[in-house]
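Coordinate inspection notes
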Amino acid sequence: MSKIQEIAAVVEAGKSKEIEALVKAALDEGVAPLEILNVGMIGAMDVVGAKFQKEEIFIPEMLVAARCMKKGVDVLKPHLGETGGAMIGKAVIGTVAGDLHDIGKNLVSMMIESAGFEVNDLGVDVPAEKFVEAAEADEGINLVAVSALLTTTMPAMKATVAALNASKARGRFKVLVGGAPITEGFCKEIGADAYSPDAGAAAQKAKSLV
């Protein structure tokens, strides 16, 4: 088994204690940092996301895999700078005003980060204006992910997307929505660019949007 395959297997299994040493060993062997990231780690998280969508694994397994990858990326970061980085974009994410749920949002945040985005997590109970400010503040932002976990906060999501659609920077970012009560139909109704039914799909959807 190659070092890349070993890294992928460890990320899929969420073995955080092994990932740092494996990444260092791969670097010492001369494996390109981008290959470690894209093939070894992001590739593994794609598999994890697909398994989650098929209900072969569940939220706890996804969380440990994402945390494992994060540890591996921390080892890689100094070396990625030498290769111009591998980030495919920058994302803003948050749960809408009036909604204090963060587990789903945190999972999506980690999955999007695993897909190659630098993530600015605004947290929970985020007013529409704060989403807009964050999106406009950094010209590198090309994705805004908006979460709502309650039917009672769906109007807040609608207001947030309306505010984002009115932003002067709207041309350079896509709006991705999700959460338990959200549907594809609601996404279209409020003028968002895309809907994701779960965290596993969110990473793939995010990549397809940019």
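Here the structure is a predicted model, which is why all the values come from computation and not from measurement.

**Comments concerning the environment of F117**
Within the secondary structure layout, F117 lies in strand β2 (residues 117-121). Look at F117 and you get buried, because its relative accessible area is 0%. For the pair F117 and I88, spaced 29 residues apart in the sequence, the C-alpha separation amounts to 5.8 Å. In this view, F117 contacts M87, I88, G89, K90, A91, I112, N142, L143, A206, K207 and V210; residues no more than four positions away in its chain are not counted.

**Observations regarding helix α5 (residues 103-114)**
Its 12 residues place the ends of α5 16 Å apart at the C-alpha level, agreeing with the 16 Å of an ideal helix rising 1.5 Å per residue. Those residues of α5 that fall on the buried side of the exposure criterion are K105, L107, V108, S109, M110, M111, I112 and S114. Here the buried face of α5 lies against α3 (33-53), α4 (59-80), β1 (89-95), β2, β3 (141-147) and α9 (199-209). The first or second residue beyond α5 is G116, which carries a positive phi of 115 degrees.

**Focus: the domain arrangement of the protein chain**
If you check the domain split of the protein chain, you get domain 1 (3-79) and domain 2 (89-209). Using only C-alpha atoms to locate each centre, domain 1 and domain 2 end up separated by 25 Å. Listed as interface residues are 13 residues of domain 1 and, on the opposing side, 13 residues of domain 2. Buried surface at the junction of domain 1 and domain 2, summed over both partners, amounts to about 1100 Å²; 69% is from carbon and sulfur atoms. Applying the counting criterion to the domain 1 and domain 2 interface returns 2 salt bridges. E113 is the salt-bridge partner of K70, the closest N and O atoms lying 3.3 Å from each other. At the boundary of domain 1 with domain 2, the tally comes to 3 residue pairs in polar contact (both at pLDDT 80 or more).

**Concerning the layout of surface pockets**
Of the volumes computed, that of the largest pocket is approximately 340 Å³. The wall of the largest pocket is formed by 23 residues, among which G104, V108, G179, D198 and A199 lie closest to the centre. Those elements giving two or more residues to the lining of the largest pocket turn out to be α5, β3, β4 (174-178) and α9. Among the elements that take part in the lining of the largest pocket, α5 stands out by supplying 5 residues, more than any other. For the lining of the largest pocket, the class distribution of residues is 15 nonpolar, 6 polar and 2 charged.

**Comments concerning the pattern of salt bridges**
Inspection of the entire model under this criterion finds 10 salt bridges. The salt bridge involving E29 is made with K3; its shortest N-O contact spans 3.6 Å. With E29 in the loop between α2 (16-28) and α3 and K3 in helix α1 (residues 3-13), the pair connects residues that are 26 residues apart, well separated along the chain. Using a relative accessible area of 54% as the deciding quantity, one classes E29 as exposed. Across the salt bridge formed by K105 and D121, the nearest N and O atoms sit 3.0 Å from each other.

**Considerations on the sheet that holds β2**
Read across the open sheet, the 5 strands follow the order β2-β1-β3-β4-β5; overall the sheet is parallel. Only two strands of the sheet have a single neighbouring strand rather than two, namely β2 and β5 (194-196). Pairwise comparison of adjacent strand axes, ignoring direction, gives a mean angle of 25 degrees for this sheet. Here β1 pairs with β3 via 6 bridges, running parallel. The residue of β3 that forms the bridge with G94 is V146. Sheet strands touched by α9: β2, β3, β4 and β5. Its angle to β5, the strand with the most contacts, is close to 160 degrees.

**Details of the packing of α3 against α9**
A packed helix pair is summarised by two numbers, namely the angle formed by the two axes and the spacing between the axes. Between α3 and α9, the shortest axis-to-axis distance is 7 Å and the interhelical angle comes to 130 degrees. In terms of orientation, α3 lies oblique with respect to α9. Our pair here, α3 against α9, has a crossing hand that is left-handed. Where α3 approaches α9, its residues I42, D46, G49, F52 and Q53 are matched on the opposing element by A199, G200, A201, Q204 and K207. Looking at the contact of α3 with α9, its residues break down into 4 nonpolar, 4 polar and 2 charged.

Reading the values: rules and limits
- Residues numbered from 1 in each chain as written.
- Predicted model: local features only at pLDDT ≥ 70, side-chain atom pairs only at ≥ 80, totals over all residues.
- Heavy atoms only, no water.
- Helix = DSSP H or I, 4+ residues; strand = E, 2+ residues; numbered from the N terminus.
- Buried < 20%, exposed > 50% of the residue type's maximum accessible area, 1.4 Å probe, protein only.
- Contact = heavy atoms within 4.5 Å.
- Expected span 1.5 Å × (residues − 1).
- Domains from an automatic or database assignment.
- Buried area = accessible area lost by both parts, 1.4 Å probe.
- Salt bridge = Lys/Arg side-chain N within 4 Å of Asp/Glu carboxyl O.
- Polar contact = N/O pair within 3.5 Å; in protein donor to acceptor, adjacent residues only side chain to side chain.
- 1 Å grid on protein atoms, 1.4 Å probe; cavity = no way out; pocket = protein on both sides within 12 Å on 5 of 7 lines; lining within 4 Å.
- Points joined across faces, edges and corners; volume = space filled by probe spheres on them.
- Nonpolar A, V, L, I, M, F, W, Y, C, P; charged D, E, K, R; others polar.
- Pairing = 2+ DSSP bridges.
- Axes fitted to C-alpha atoms, helices over the stretch in contact; angles between N-to-C directions.
- Parallel < 35°, antiparallel > 145°, perpendicular 65-115°, else oblique.
- Left-handed = near helix turned anticlockwise from the far one by under 90°.

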